[in-house]
Protein chains: 6
Amino acid sequence: MPIITCDIRNGRTREQRSQLAMGLTQAVVEATGCDLHDVFLVIREMPGFNFVDGGDHVPDYVPGPNGLDLAAQEQVKTRIERTSND
Amino acid sequence: MPIITCDIRNGRTREQRSQLAMGLTQAVVEATGCDLHDVFLVIREMPGFNFVDGGDHVPDYVPGPNGLDLAAQEQVKTRIERTSND
Amino acid sequence: MPIITCDIRNGRTREQRSQLAMGLTQAVVEATGCDLHDVFLVIREMPGFNFVDGGDHVPDYVPGPNGLDLAAQEQVKTRIERTSND
Amino acid sequence: MPIITCDIRNGRTREQRSQLAMGLTQAVVEATGCDLHDVFLVIREMPGFNFVDGGDHVPDYVPGPNGLDLAAQEQVKTRIERTSND
Amino acid sequence: MPIITCDIRNGRTREQRSQLAMGLTQAVVEATGCDLHDVFLVIREMPGFNFVDGGDHVPDYVPGPNGLDLAAQEQVKTRIERTSND
Amino acid sequence: MPIITCDIRNGRTREQRSQLAMGLTQAVVEATGCDLHDVFLVIREMPGFNFVDGGDHVPDYVPGPNGLDLAAQEQVKTRIERTSND
């Protein structure tokens, strides 16, 4: 009876949340051999600002083409540059 | 920066937990379009007895061939029979 | 100092959430013998869609007479029928 | 589909944990009108030291007669005395 | 890779949430010796009513001067008086 | 009534966990203006392997001088090198 919780930023479409839920559920079934009907899951949504990663507030989700997360992409790029210059 | 938590029963091998973690992480990346390095995950383990599903304690995990979960299979079977007889 | 968290669907009245909180708190006191003042609790609310049970999104809460949850009743009925036909 | 989590200190008997789980499950059913089979619950156990209440580590659970929690009783008494003297 | 979650009442300013996040992150770094970039944190917000402390619903957050929490102050005062009269 | 949860790897001393708890509690008091006695906290411990950061299992905690976390330091170093070579 695995219980999965997923804290993500506000703004994903129902389609994205559904894909997320199905992917997570399927991953649990494949890895643990448990029955599909025994997987329970809740997705909690909060503003990007409420997520803090290594001391940096995460920007709000900005939907790009094909569900691409433009804001996060930008932040990862910045982090890589900062890391490279350390 | 999705944060995934996964509460499961004690007893999965490192290989199973690794497969679980990778499957969950990959599911998040595919559904949200976020970067792999922005997915954080913790697997918490407790005895089966500490999981209660619809008023029934879940039996402890019993590993079968190919990672099959024998105990849960038995419980699901019981639940289906009970439901059919309602 | 038990800490209880309760993830439920949006839409319960204050009266229902209060009854829920008191019932949970009382259950902890009775079972653990701890002091009432040592029980802490948070109720988190999310849309029904964000709850996924065995691969099915849970319908949003639809209040019926006497606080009855019409949507969930419907889903349980469907699940029992599906199970019986397996 | 309410999901209940309960973080408590190590050391409760199976009987106590079962009573706790049933009481919590029943409280959810009564307050929300949802079906018993839709309530999922996990009890997580950690040492008392890992619980911190208002800046004080909670003492480990010490079982007394009738499941009474001797250690917590002592702490509550101390807190009341401290508060009265403020 | 510590993961911190913080459930608070709705209504704090971005400045307060930022100060909270930075303080928590820094506390983890100092106590555990882990790297700043390995601390992940999510702040979840719910109405005060959804927090229940020793059987009492917590009042909604009322901002006072200098970020003082007027509502909670009132509740603590009431609790101390009640305790003193026990 | 903020509720803080902290998921960390097994192996910190009581002194480290105490410093962690006090630092977190103090950070909440300073940022939110709430009363010290209204901050509740639980530290959950799991093996390093159960933490997965960007698809990598976190190594178990290896205590170095002054509470330094040798294992995590190594992993951060590896991540920086990998990132620089991307």
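Let me begin by describing the structure that accompanies this report. The structure displayed is predicted, hence computed values, not measured ones.

1. What about the interface of chain A and chain E?
No. 1: At the junction of the two partners, chain A supplies 12 residues and chain E supplies 16 residues.
No. 2: Roughly 1300 Å² is buried in total at the junction of chain A and chain E, and carbon and sulfur atoms are behind 55% of that figure.
No. 3: When residues of chain A are sorted by the area they lose upon contact with chain E, Phe49, Asn50 and Val52 of chain A head the list and together hold 40% of the total.
No. 4: Seen at the junction of chain A and chain E, the total is 1 salt bridge.
No. 5: Across the pair arginine 44 of chain E and aspartate 7 of chain A runs a salt bridge whose closest N-O atoms are separated by 2.9 Å.
No. 6: Across the contact surface, chain A and chain E share 7 residue pairs in polar contact (both at pLDDT 80 or more).

2. Focus: the relation of the copies chain B and chain A
Comparison of the two chain copies shows a relationship of rotation about an axis with a shift along it.
No. 1: Least-squares fitting of chain B to chain A yields an RMSD of 0.0 Å, with the transformation described by 0.0 Å of translation along the axis and a rotation of 180 degrees. Both copies of the chain, as the preceding transformation shows, are related through a two-fold rotation axis.
No. 2: Here 100% of the contact residues of chain B are again contact residues in chain A; the copies associate through an equivalent surface.

3. Some remarks on the sheet that holds strand β3 (residues 51-53) of chain D
No. 1: Reading across the sheet, the 8 strands line up as β4(A)-β3(A)-β2(E)-β1(E)-β1(F)-β2(F)-β3(D)-β4(D) and stay open at both edges, with mixed pairing between neighbours. Two strands bound the open sheet, and with one partner strand each, they are β4 (56-57) of chain A together with β4 (56-57) of chain D.
No. 2: As paired elements, strand β1 (residues 3-9) of chain F and strand β2 (residues 40-46) of chain F share 7 bridges and run parallel to each other. What sits directly across from isoleucine 3 of chain F, in β2 of chain F, is phenylalanine 40 of chain F.
No. 3: Those strands touched by helix α1 (residues 14-32) of chain E are β3 (51-53) and β4 of chain A together with β1 (3-9) and β2 (40-46) of chain E, and its axis lies near 140 degrees from that of β2 of chain E.
No. 4: Sheet strands in contact with helix α1 (residues 14-32) of chain F are β3 and β4 of chain D together with β1 and β2 of chain F, and its direction is about 140 degrees off that of β2 of chain F.

4. Remarks on the relation of the copies chain A and chain E
No. 1: Its rotation angle being 120 degrees, the transformation that places chain A on chain E also includes 0.0 Å of axial translation and leaves an RMSD of 0.0 Å. Considering both components of the superposition, the chain copies are consistent with a three-fold axis. Using C-alpha coordinates, one finds that chain A approaches the rotation axis most closely at arginine 44 of chain A, a distance of 5.1 Å.
No. 2: Little of the interface of chain A is mirrored in chain E, where only 17% of its interface residues again form contacts.

5. Notes on the interface of chain B and chain A
No. 1: Taken together, the contacts link 35 residues of chain B with 35 residues of chain A.
No. 2: Interface of chain B and chain A: buried area, both sides summed, is about 2700 Å²; carbon and sulfur atoms make up 58% of it.
No. 3: Looking only at chain B, the three residues that lose the most surface to chain A are Met1, Ala31 and Thr32 of chain B, adding up to 22% of its buried area.
No. 4: Counting the contacts that link chain B with chain A gives 0 salt bridges.
No. 5: The interface formed by chain B and chain A includes 7 residue pairs in polar contact (both at pLDDT 80 or more).
No. 6: Of all the secondary-structure elements, those providing two or more residues to the side of chain B that touches chain A are β1 (3-9), α1 (14-32), β3 (51-53) and α2 (70-85) of chain B.
No. 7: Taken together, the residues that form the side of chain B that touches chain A break down as 18 nonpolar, 8 polar and 9 charged.
No. 8: The pairing of strand β1 (residues 3-9) of chain A with β1 of chain B spans 5 bridges and is classified as antiparallel. Paired with aspartate 7 of chain A across the two strands is isoleucine 3 of chain B, which belongs to β1 of chain B.

6. Quick notes on empty space enclosed by the protein
In this approach the atoms are scanned with a rolling probe the size of a water molecule, which exposes any empty space left behind.
No. 1: All chains considered together, the criterion is met by 1 cavity of 30 Å³ or more.
No. 2: For the lining of the largest cavity, the secondary-structure elements that each account for two or more residues are β1 of chain A, β1 of chain B, β1 (3-9) of chain C together with β1 (3-9) of chain D.
No. 3: Looking at the lining of the largest cavity, its residues break down into 1 nonpolar, 6 polar and 9 charged.

7. A word on the side chain of threonine 5 of chain B
No. 1: Along the polypeptide, threonine 5 of chain B turns up in strand β1.
No. 2: When near neighbours in sequence (up to four residues on either side) are disregarded, threonine 5 of chain B contacts Ile3, Ile4 and Thr5 of chain A together with Val42 and Arg44 of chain B.

8. Some thoughts on the packing of helix α1 (residues 14-32) of chain A against α1 of chain B
Helix-helix packing is characterised by the crossing angle of the two axes and by the distance between the axes.
No. 1: For the pair α1 of chain A and α1 of chain B, interaxial distance at closest approach is 8 Å and the crossing angle is 165 degrees. Accordingly, the angle class assigned to the pair α1 of chain A and α1 of chain B is roughly antiparallel. Handedness of the α1 of chain A/α1 of chain B crossing: right-handed. Two secondary-structure elements touch here, α1 of chain A through Gln16, Gln19, Leu20, Gly23, Leu24, Ala27, Val28, Glu30, Ala31 and Thr32 of chain A and α1 of chain B through Gln16, Gln19, Leu20, Gly23, Leu24, Ala27, Val28, Glu30, Ala31 and Thr32 of chain B.
No. 2: Class assignment of the residues belonging to the contact of α1 of chain A with α1 of chain B gives a composition of 10 nonpolar, 8 polar and 2 charged.

9. Some remarks on the sheet that holds β1 of chain D
No. 1: As summarised here, the arrangement of the 8 strands in space is β4(B)-β3(B)-β2(D)-β1(D)-β1(C)-β2(C)-β3(E)-β4(E), forming an open sheet in which the pairing is mixed. Each edge of the sheet is formed by a strand with only one pairing partner; in this case those strands are β4 (56-57) of chain B together with β4 (56-57) of chain E.
No. 2: Along the sheet, helix α1 (residues 14-32) of chain C makes contact with β1 and β2 (40-46) of chain C together with β3 (51-53) and β4 of chain E, crossing β2 of chain C at roughly 140 degrees.
No. 3: Lying over the sheet, helix α1 (residues 14-32) of chain D contacts β3 and β4 of chain B together with β1 and β2 (40-46) of chain D, oriented at roughly 140 degrees with respect to β2 of chain D.

10. Quick look at the environment of glutamine 16 of chain F
Residue and element names in this part refer to chain F.
No. 1: The residue glutamine 16 is located in helix α1 in this model.
No. 2: Of the residues examined, glutamine 16 reaches a relative accessible area of 11% and is grouped as buried.
No. 3: A sequence separation of 14 residues divides glutamine 16 from glutamate 30, and the C-alpha atoms of the two residues are 21 Å apart.

11. Here's the deal with the packing of aromatic side chains
No. 1: Inspection of the entire model under this criterion finds 3 aromatic pairs over all chains.
No. 2: With centroids separated by 3.5 Å and ring planes inclined at 15 degrees, the aromatic side chains of phenylalanine 40 of chain A and phenylalanine 40 of chain D adopt a geometry described as stacked. Taken as a pair, phenylalanine 40 of chain A in strand β2 (residues 40-46) and phenylalanine 40 of chain D in strand β2 lie in two separate chains rather than in one. In this pair, the class of phenylalanine 40 of chain A matches that of phenylalanine 40 of chain D, namely buried.
No. 3: Sitting above the plane of the phenylalanine 49 of chain B ring, arginine 14 of chain D keeps its charged end 4.0 Å from the centroid.
No. 4: The lysine or arginine in question, arginine 12 of chain E, covers the ring of tyrosine 61 of chain E, its NZ or CZ lying 3.9 Å from the ring centre.

Conventions and cut-offs
- Residues numbered from 1 in each chain as written.
- Chains lettered and ligands numbered in written order.
- Predicted model: local features only at pLDDT ≥ 70, side-chain atom pairs only at ≥ 80, totals over all residues.
- Heavy atoms only, no water.
- Contact = heavy atoms within 4.5 Å.
- Buried area = accessible area lost by both parts, 1.4 Å probe.
- Salt bridge = Lys/Arg side-chain N within 4 Å of Asp/Glu carboxyl O.
- Polar contact = N/O pair within 3.5 Å; in protein donor to acceptor, adjacent residues only side chain to side chain.
- Least-squares fit on C-alpha atoms with pLDDT ≥ 70 in both.
- Pairing = 2+ DSSP bridges.
- Helix = DSSP H or I, 4+ residues; strand = E, 2+ residues; numbered from the N terminus.
- Axes fitted to C-alpha atoms, helices over the stretch in contact; angles between N-to-C directions.
- Nonpolar A, V, L, I, M, F, W, Y, C, P; charged D, E, K, R; others polar.
- 1 Å grid on protein atoms, 1.4 Å probe; cavity = no way out; pocket = protein on both sides within 12 Å on 5 of 7 lines; lining within 4 Å.
- Points joined across faces, edges and corners; volume = space filled by probe spheres on them.
- Parallel < 35°, antiparallel > 145°, perpendicular 65-115°, else oblique.
- Left-handed = near helix turned anticlockwise from the far one by under 90°.
- Buried < 20%, exposed > 50% of the residue type's maximum accessible area, 1.4 Å probe, protein only.
- Phe/Tyr/Trp six-rings, centres within 6.5 Å; stacked < 30°, edge-to-face > 60°.
- Lys NZ or Arg CZ within 6 Å of the ring centre and 35° of its normal.

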